[in-house]
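# Remarks on the overall topology
Each chain, written out:
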Amino acid sequence: MARIAFYLWLGFSFTFGMPCALAVDEQSVLAALTLNFARFTTWPEASSQPLNVCVIGDNVVQEAFMPLQGVDVNGRAVSVNNMSRLTNLTSCQVLFIHDLKRNVMAQVFQELKDSPVLTVGNGLDILDNGGMIGLDNEGGKVVIHIDLNQVNRSRLKISSRLLQLAVIRENDK
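Reference entry: report on the structure contained in this document. Owing to the predicted nature of the structure, the values given are computational and were not obtained by experimental measurement. (Residues numbered from 1 in each chain as written. Predicted model: local features only at pLDDT ≥ 70, side-chain atom pairs only at ≥ 80, totals over all residues. Heavy atoms only, no water.)

Another aspect to go through is the state of the cysteines. Note: disulfide means a covalent bond formed between the sulfur atoms of two cysteine side chains. Within the structure shown, the criterion is met by 1 disulfide. Shown here is the disulfide that connects Cys54 with Cys92, its sulfur atoms set 2.1 Å apart. Taking the sign of the S-S torsion, about -100° here, the bridge from Cys54 to Cys92 comes out left-handed. With Cys54 in strand β2 (residues 51-56) and Cys92 in the loop between β4 (76-82) and β5 (94-97), the pair connects residues that are 38 residues apart, well separated along the chain. With respect to class, Cys54 is no different from Cys92; both count as buried. (Disulfide = S-S within 2.5 Å. Helix = DSSP H or I, 4+ residues; strand = E, 2+ residues; numbered from the N terminus. Buried < 20%, exposed > 50% of the residue type's maximum accessible area, 1.4 Å probe, protein only.)

The mixed open sheet is built from 8 strands, whose spatial order is β3-β4-β2-β5-β6-β7-β8-β10. Whereas interior strands pair on both sides, the edge strands pair on one side only; in this sheet they are β3 (72-73) and β10 (167-169). Note: β5 against strand β6 (residues 118-122), 4 bridges, orientation parallel. Bridge pairing in β6 places Val94 opposite Leu118. The strands touched by helix α4 (residues 102-112) within the sheet are β5 and β6, with β5 carrying the most contacts at an inclination of about 170°. (Pairing = 2+ DSSP bridges. Contact = heavy atoms within 4.5 Å. Axes fitted to C-alpha atoms, helices over the stretch in contact; angles between N-to-C directions.)

This is the structure we're talking about:
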């Protein structure tokens, strides 16, 4: 029950633009933010199939995403998939990447190139390597950075409500 209340609080905090402190379980915050990013994203093809949220990271990160299993996102149930192998990544609609070496991350984005997969990760390295949303801890607050060019190339649409909360990066590579 406490976990559900936490996610509701986080959802409302995010929706209304209140900063989120990382003092609470950081990985759970990242998981909840990723879920909210999915809520504010539209994929090029409508589907009623489960929304595949894939996670690349250690066991702590993967466990943080498990409470999202079955949660409704715009009429689609979330299916959390822990990706121990970096194959079949285009089956994901959302991919959260945590602590991946730069050369491996480059391979991931090469496989995903222009695919409609919302890529999210902590830190800004993910944006430098071809990802879409990077979460940065600045002064104890989570700051959302979005590479709009990557989002547009993959034909995803992110709500203006989310874009207003983010630092937008629009450099062409």
